[in-house]
Amino acid sequence: EIQTEYRLETRERIQEVFRKILGRIIDEKLIEQEARRSGIKVTSKEIEGAVEEVKQKNKINQEELEKALAAEGLTLEAFKKELERRILRTKFVSSVVKVDQKAGEKELMEFFQKNVNHYRVNESYRTAHILFLILPDATPEQIQGIRKKSQKVLERIKEGADFAKMVMEYSEDTSSRKDGGDLGYFKKGELLPALEKEAMRLQVGEVSGLIRTELGFHILKLLDRKGGEPPPFEEVKEKVQADYYGMEWEKALQQFLSKLKEKSVIEIKL
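Conventions we followed
- Residues numbered from 1 in each chain as written.
- Predicted model: local features only at pLDDT ≥ 70, side-chain atom pairs only at ≥ 80, totals over all residues.
- Heavy atoms only, no water.
- Pairing = 2+ DSSP bridges.
- Helix = DSSP H or I, 4+ residues; strand = E, 2+ residues; numbered from the N terminus.
- Axes fitted to C-alpha atoms, helices over the stretch in contact; angles between N-to-C directions.
- Buried < 20%, exposed > 50% of the residue type's maximum accessible area, 1.4 Å probe, protein only.
- Core = buried A, V, L, I, M, F, W, Y, C linked by side-chain atoms within 4.5 Å.
- Contact = heavy atoms within 4.5 Å.
- Salt bridge = Lys/Arg side-chain N within 4 Å of Asp/Glu carboxyl O.
- Polar contact = N/O pair within 3.5 Å; in protein donor to acceptor, adjacent residues only side chain to side chain.
- Phe/Tyr/Trp six-rings, centres within 6.5 Å; stacked < 30°, edge-to-face > 60°.

**Q** Sorry if this is basic, but what is going on with the sheet that holds strand S1 (residues 123-133) here?
**A** Read from one edge to the other, the open sheet built from four strands follows the order S2-S1-S4-S3, with strand pairing classed as antiparallel. Unpaired on one side and paired on the other, strand S2 (182-187) and strand S3 (207-212) mark the two borders of the sheet. Adjacent strand axes in the sheet meet at a mean angle of 35 degrees when their direction is disregarded. Relative to strand S4 (residues 216-227), S3 runs antiparallel, the two being bridged by four bridges. The residue of S4 that forms the bridge with Ile211 is His218.

**Q** Please explain the pairing of S1 as it appears in this structure.
**A** Side chains on a regular strand alternate between the two faces of the sheet. Counting buried residues in S1 gives nine out of 11 residues, a clear majority hidden from the surface. Strand direction decides the pairing type here: S1 and S4, joined by 11 bridges, are antiparallel. Directly across from Ala128, in S4, lies its bridge partner Lys221. With five bridges joining them, S1 and S2 adopt antiparallel strand pairing. Along S2, the bridge assignment pairs Ser124 with Lys187.

**Q** Just to check I follow, could you spell out the nonpolar core for this structure?
**A** Generally speaking, nonpolar side chains in soluble globular proteins are found buried as a group. Counting residues in hydrophobic clusters, the biggest one holds 23 residues, and the most contacted among them are Leu65, Phe79 and Val97. A total of seven residues in this core trace back to one element, the largest contributor, which is helix H4 (residues 76-96). The contact partners of Phe79, leaving out residues within four places of it in the chain, are Val54, Leu65 and Leu69. Grouped together as the second largest cluster of nonpolar side chains are 17 residues, Ala128, Ile157, Tyr170 and Phe217 included.

**Q** Quick question: what am I supposed to make of the pattern of salt bridges here?
**A** Oppositely charged side chains may form a pair once their charged atoms are brought near each other. As enumerated under the stated definition, the model contains 18 salt bridges in all. A salt bridge links Glu32 to Arg36; the nearest nitrogen and oxygen atoms lie 3.4 Å apart. Pair noted here: Glu32 and Arg36 are both in helix H1 (residues 2-38), with a separation of four residues, about one helical turn. A salt bridge links Lys237 to Glu105, with the shortest nitrogen-to-oxygen separation between them at 2.9 Å. Of this pair, Lys237 sits in helix H10 (residues 237-262) while Glu105 sits in helix H5 (residues 105-114), and the two are 132 residues apart along the sequence.

**Q** Looking at this structure, how should I read the side chain of Glu198?
**A** Tracing the backbone through its elements, the reader meets Glu198 in helix H9 (residues 193-201). With relative accessibility at 16%, the residue Glu198 sits in the buried group. Here Arg201 takes part through its side chain, which lies 2.5 Å from a polar atom of the side chain of Glu198. For Glu198, the contacting residues outside a window of four places in its chain are Ser208, Gly209, Ile211 and Leu220.

**Q** Whenever I open this one, the side chain of Asp182 confuses me. Can you help?
**A** Relative to the assigned elements, Asp182 resides in strand S2. Looking at Asp182, its side chain comes within polar contact range of the main-chain nitrogen of Gly184, at 2.8 Å.

**Q** Explain the packing of aromatic side chains here, please?
**A** For any two aromatic rings, the description comes down to two numbers: the centre-to-centre distance and the angle of the planes. One pass over the structure, following the stated rule, counts six aromatic pairs. Judged by centre distance (5.6 Å) and plane angle (45 degrees), the rings of Phe112 and Tyr119 are tilted. Neither Phe112 nor Tyr119 differs from the other in exposure class; each is buried. Between Tyr244 and Tyr245, the aromatic rings sit 5.5 Å apart at their centres with planes inclined by 70 degrees, giving edge-to-face as the arrangement. Classification of Tyr244 as buried rests on a relative accessible area of 14%. Every member of this aromatic cluster is reached through a ring pair, and the members are Phe111, Tyr244 and Tyr245.

Everything listed here is a matter of geometry and, on its own, says nothing about what the molecule does.
Quick look at the structure:
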């Protein structure tokens, strides 16, 4: 039963990744198809300019570029064809997806306040965790068993069980167990990325869901947050404005793609 559950979970993850990749490919094909219908052209000068940009960005010359492409099984001509398609899609999207860049102070301020954590600087946060170790040679069945155990502990915490007590009873991090799982204060970039991402999302006193890292499964609690006061709105107004219009542009693009899909016949052959 455990093996079946593991296989189902793994298959679901693979299918989700596949769906995302397939969705992106479909979006690109639809845009390219519409771009060619629109009559938009890409000049050889634009393609050569893109090649030069790639070389400058990677600090390589023509010979090094061709060697790098060959290592990936690509010719220079095939690479230029791909650049042409990218430029074509970009030009077309720029011509049809428009955002009215007239957001007022009120809209920008509301966006800033809603996303204020994104603009904080020099912030530090204090976390505690319960660690359920997964050894490097653990079998899929063992991993699934550890997941079930950690899920049950999480459910007990959500139902009101004392976090520190659960740490003493279950955590396999011997260095923090005696302190109730307290890991101390961290600044951005100092904690494992998966844990930091969750810590930045939590409110003080809040407990996370299960988090998987290379060490095992974690249950994280945010104990404190200090410093990192957001800068005054005026100081980051330009960045807020750019972020706001970026979000609006993404929404407009998704609306355009939805309309495009409605009038297109999409045939998927697997």
